[in-house]
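Spelled out from the first residue to the last, the chains are:
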Amino acid sequence: QVQLVESGGGLVQPGGPLRLSCAASGTIVSFYAMGWYRQAPGKQRELVAYITRGGSGNYEDSVKGRFTISIDNAKNTVYLQMNSLKPEDTAVYYCNRGTYSGSPYTPSDYWGQGTQVTVSS
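Since this is a predicted model, take the numbers as computed values, not measurements.

A. Inspection of the pattern of salt bridges at higher detail. Counted under the stated rule, the structure contains 4 salt bridges. The partner of Glu-46 in a salt bridge is Arg-38, with the nearest N and O atoms 2.8 Å apart. Classification of Glu-46 as partly exposed rests on a relative accessible area of 32%. In this structure, Lys-64 and Asp-61 form a salt bridge, with 3.1 Å as the shortest nitrogen-oxygen distance. Relative accessible area serves as the criterion here: at 48%, Lys-64 is assigned to the partly exposed category. One continuous salt-bridge network, built from bridges that share partners, spans Arg-38, Glu-46, Arg-66 and Asp-89.

If you want it as structure tokens, here you go:
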């Protein structure tokens, strides 16, 4: 049974950093592309970053240069390092396991429960 558990969300001031974690069980994250999505109130869920099996990170334009996705194979965990956070980054962030290993990202039905990120002074 595949389980994805996100953590690391919280309240942060504009310009601050936050690191999200997605711990996986029942699957090996390095065998698939892994993605981070977010959903703000009243908006559709959007893909913000994904990493391929080959280790290539891909980013939505608004987070390029600020967010970095990575994998710790030993911990079977995916991270999203978020720097220079803006109020518009406020959303619930979800981890997803991809259907395939490469690009373009194709989400599977395996989602975490989400973690709230609030950027506010």
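B. Structural detail: the side chain of Glu-6. Along the polypeptide, Glu-6 turns up in strand β1 (residues 3–7). Despite its burial, Glu-6 remains without a salt bridge, the nearest opposite charge being carried by Arg-45 at 7.4 Å. Reaching out from Glu-6, the side chain makes a polar contact with the backbone nitrogen of Gln-113 at a distance of 2.9 Å. Residue contacts for Glu-6: discarding those within four places in its chain leaves Ser-21, Cys-22, Trp-36, Tyr-93, Tyr-94, Cys-95, Gly-112, Gln-113, Gly-114 and Thr-115.

C. Region of interest: the environment of Asp-72. Tracing the sequence through the fold places Asp-72 in strand β7 (residues 67–72). Between the C-alpha atom of Asp-72 and that of Val-119, which follows or precedes it by 47 residues, the distance is 26 Å. Discounting residues that sit within four places of it in the chain, Asp-72 has contacts with Thr-77 and Tyr-79. Of note is the side chain of Asp-72, whose polar atom sits 3.0 Å from the backbone nitrogen of Ala-74.

D. Representation of the pairing of strand β3 (residues 18–25) in the model. Judged from the 5 bridges that link them, β1 and β3 form a sheet pairing that is antiparallel. Within the sheet, the bridge partner assigned to Glu-6 lies in β3 and is Cys-22. Across 6 bridges, the pairing between β3 and strand β8 (residues 77–82) is antiparallel. Each residue of the ladder has a partner; that of Leu-20, found in β8, is Leu-80.

Criteria and cut-off values
- Residues numbered from 1 in each chain as written.
- Predicted model: local features only at pLDDT ≥ 70, side-chain atom pairs only at ≥ 80, totals over all residues.
- Heavy atoms only, no water.
- Salt bridge = Lys/Arg side-chain N within 4 Å of Asp/Glu carboxyl O.
- Buried < 20%, exposed > 50% of the residue type's maximum accessible area, 1.4 Å probe, protein only.
- Helix = DSSP H or I, 4+ residues; strand = E, 2+ residues; numbered from the N terminus.
- Lys, Arg positive; Asp, Glu negative; His and termini not counted.
- Polar contact = N/O pair within 3.5 Å; in protein donor to acceptor, adjacent residues only side chain to side chain.
- Contact = heavy atoms within 4.5 Å.
- Pairing = 2+ DSSP bridges.

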